[in-house]
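Residue-level structure breakdown
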Amino acid sequence: MASKNLFLLAGDGIGPEAMAEVKKLIAAMNDKLGSGFATDEGLVGGCAYDAHGAAISDADMEKAMAADAVLFGAVGGPKWDKVPYEVRPEAGLLRLRKDMELFANLRPAICYPALAASSSLKQEVVEGLDILIVRELTGGVYFGEPKEIIDLGNGQKRGIDTQVYDTFEIERISGVAFELARTRRNHVTSMEKRNVMKSGVLWNEVVSQTHKAKFSDVKLDHMLADAGGMQLVRWPKQFDVIVTDNLFGDMLSDVAAMLTGSLGMLPSASLGAPDVKTKKRKALYEPVHGSAPDIAGKGIANPIAMIASFAMCLRYSFGMVAEADKLEAAIAAVLDDGLRTKDIFSAGMKEVGTTEMGDAIIAKFLG
Ligand SMILES: NC(=O)C1=CN([C@@H]2O[C@H](COP(=O)(O)OP(=O)(O)OC[C@H]3O[C@@H](n4cnc5c(N)ncnc54)[C@H](O)[C@@H]3O)[C@@H](O)[C@H]2O)C=CC1
Ligand SMILES: CC(C)CC(=O)C(=O)O
Ligand SMILES: [Mg+2]
């Protein structure tokens with residue numbers, strides 16, 4: 001069987017702790033199922049800065065570009081608060097997204113039945129929740145130029161970030177959202193702020209045109225992004241697929257994470273366009289959470305977001321749908337058994353650390 005080349009970038013903080021569980025899973029799949037994964041590892045974020053003064057080296061960037069899929073942990077932390085902005089840990093992730101042209105970030109928020117009662121929201125609000133946020137990932141205010149702080153010379157400075165979207169960027173991300181909606185409940189809600197932003201006006205226009213031209217069978221709603229945030233906590237089950245820009249998608253998916261119980265539960269897939277000849281797409285899989293410096297090194301991080309990101313990798317990069325389904329079922333089963341990391345703990349459940357949670361999921365998956 002041809003190797004499936006995975007490039008692992010564990011990063012900082014809880015990144016390596018969560019990645020360790022996926023590494024065990026990959027080894028077990030190779031050993032017990034003959035899955036044929038070949039892995040290589042590199043540095044990203046603060047650890048890369050410490051090693052070679054950049055948030056990711058050119059050599060590791062090349063490996064990421066050549067891999068069938070990249071698995072990414074998390075970057076950042078207070079240790080690097082004072083490093084120059086251009087080489088801060090988060091710049092490594094932004095470079096990966098930009099250089100690999102990973103324009104589509106899929107962030108599913110699923111409330112596992114076992115966690116419905118322990119949400120900070122009422123059980124009936126989150127029970128059965130299954131929404132998908134499709135976030136544009138290579139444009140918008142995170143990348144627009146100019147992006148600078150200028151000295152106004154009067155004791156004042158001006159910080160500038162620029163929100164820019166071109167038609168093709170909105171067309172391709174909304175196309176992804178409509179196509180995915182067809183495989184789900186056939187409903188897309190597009191979120192922007194057309195009431196105050198020109199880019200929002202264009203976003204709204206292009207999503208509507210794309211819908212009319214190619215996807216009129218899908219139900220489309222438009223919602224202002226601030227109202228969308230409110231609706232996500234009021235009645236999230238009204239949504240199926242949400243399509244939105246880079247900044248709003250970042251914020252709304254953190255909100256959605258808490259509907260599922262914890263940021264430690266939310267996986268994501270960042271995908272590029274399929275290659276015209278090979279049909280293969282560049283892809284990076286990462287949990288939605290960051291490096292969680294407050295709990296790093298304590299062995300208590302929830303590895304589920306990272307493990308579920310690997311399930312997305314099996315599904316989207318390797319077509320291993322049965323294995324992806326089985327891995328997601330193993331996560332649900334372990335939660336049904338009452339195992340909980342600290343972030344999702346509630347009375348009567350069994351509190352476990354990162355390693356125990358990982359081991360239990362792997363055992364269910366293989367069992
Ligand atoms: N993709 C990435 O690498 C991201 C990196 N960051 C970076 O991470 C650093 C910390 O950022 P924060 O705002 O604190 O966000 P964060 O996501 O790291 O943590 C927010 C809260 O959620 C908890 N949490 C997150 N993941 C968890 C998990 N797997 N298990 C249990 N609890 C978990 C943390 O303990 C913390 O209380 C910053 O440097 C930030 O820039 C933030 C978001 C994404
Ligand atoms: C570059 C990242 C740290 C931004 C972020 O929070 C995210 O993509 O979720
Ligand atoms: Mg974020």
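Residues numbered from 1 in each chain as written. Chains lettered and ligands numbered in written order. Predicted model: local features only at pLDDT ≥ 70, side-chain atom pairs only at ≥ 80, totals over all residues.

Its 16 residues give helix 11 (residues 321-336) an end-to-end C-alpha distance of 22 Å, which sits within 8% of 22 Å, the value for a rise of 1.5 Å per residue. All of the buried residues in helix 11 are Leu327, Glu328, Ala330, Ile331, Val334 and Leu335. Taken end-on, helix 11 shows its buried residues confined to a sector of 145°, consistent with a single buried face. Residues of helix 11 that are exposed and point over 90 degrees away from its buried face: Val321, Ala322 and Asp336. Packing partners of the buried residues in helix 11 comprise helix 10 (304-318), strand 13 (339-340) and helix 12 (354-366). (Helix = DSSP H or I, 4+ residues; strand = E, 2+ residues; numbered from the N terminus. Expected span 1.5 Å × (residues − 1). Buried ≥ 20, exposed ≤ 12 C-beta atoms within 10 Å, placed from the backbone. Arc of directions from axis to C-beta. Contact = placed C-beta atoms within 7 Å.)

In this section: the UniProt feature "site: Important for catalysis" (unreviewed entry) in the protein. The feature "site: Important for catalysis" (unreviewed entry), as annotated in UniProt, sits at Tyr142 and Lys193 in this numbering. Along the chain, Tyr142 falls in the loop between strand 5 (130-136) and strand 6 (144-151). For Tyr142, a count of 19 C-beta atoms within 10 Å corresponds to the partly exposed category. When sequence neighbours within four positions are dropped, the list of residues in contact with Tyr142 reads Leu94, Asn246 and Leu247. If you trace the backbone, Lys193 turns up in the loop between strand 8 (187-192) and helix 7 (198-214). Once residues lying within four places of it in the same chain are set aside, the contact partners of Lys193 are Gly200, Leu224, Ala225 and Asp226. (UniProt positions renumbered as here; feature names shortened; annotations may be inferred.)

Further remarks concern the UniProt feature "binding site: Mg(2+)" (unreviewed entry) in the protein. Under the local residue numbering, the UniProt record ascribes the feature "binding site: Mg(2+)" (unreviewed entry) to Asp226, Asp250 and Asp254. Across 29 residues of sequence, these annotated residues stay compact in space, with a maximum C-alpha separation of 13.8 Å. Relative to the assigned elements, Asp250 resides in helix 9 (residues 246-259). Relative to the helices and strands, Asp254 resides in helix 9. Residue Asp254 is classed as partly exposed on the basis of its C-beta count, with 15 C-beta atoms lying within 10 Å.

This next bit is on the site of ligand 2. In the vicinity of ligand 2, the contacting residues are Glu90, Leu93, Leu94, Asp250 and Val288. With 3 residues, the top contributor of residues to the shell around ligand 2 is helix 4 (residues 89-99). Broken down by class, the residue content of the shell around ligand 2 amounts to 3 nonpolar, no polar and 2 charged. (Near = placed C-beta within 6 Å. Nonpolar A, V, L, I, M, F, W, Y, C, P; charged D, E, K, R; others polar.)

Here the focus is the confidence of the model for the protein. The predicted model of the protein has a mean per-residue pLDDT of 97, with 99% of residues at 70 or higher. For this predicted complex, the interface confidence score (ipTM) comes to 0.98, while the overall pTM stands at 0.96. (pLDDT = per-residue confidence, 0-100.)

A separate point is the environment of Glu205. One can find Glu205 in helix 7. Sequence separation between Glu205 and Thr167 is 38 residues; the distance between their C-alpha atoms is 9.3 Å.

Sheet strands pair via backbone hydrogen bonds, and the direction of the pair is either parallel or antiparallel. As summarised here, the arrangement of the 10 strands in space is 2-1-3-12-11-4-5-10-8-9, forming an open sheet in which the pairing is mixed. Where the open sheet ends on each side, the last strands, each with one partner, are strand 2 (37-42) and strand 9 (219-224). Strand-to-strand twist in this sheet, taken as the mean axis angle between neighbours without regard to direction, amounts to 25°. Bridge analysis of strand 4 (residues 104-110) against strand 5 gives 7 bridges, and the strand direction is antiparallel. Within the sheet, the bridge partner assigned to Ala109 lies in strand 5 and is Ile131. Docked against the sheet, helix 10 engages strand 1 (4-11), strand 3 (69-74), strand 11 (269-271) and strand 12 (283-285), running at close to 160° with respect to strand 12. (Pairing = 2+ DSSP bridges. Axes fitted to C-alpha atoms, helices over the stretch in contact; angles between N-to-C directions.)

Okay, the domain arrangement of the protein next. Once the domains are mapped, the protein shows domain 1 (1-103 + 272-367) and domain 2 (108-261). Between domain 1 and domain 2, the C-alpha centre-to-centre distance is 23 Å. Opposite the 13 residues of domain 1 that make contact, domain 2 presents 16 residues. Class assignment for the residues of the side of domain 1 that touches domain 2 results in 8 nonpolar, 1 polar and 4 charged. (Domains from an automatic or database assignment.)

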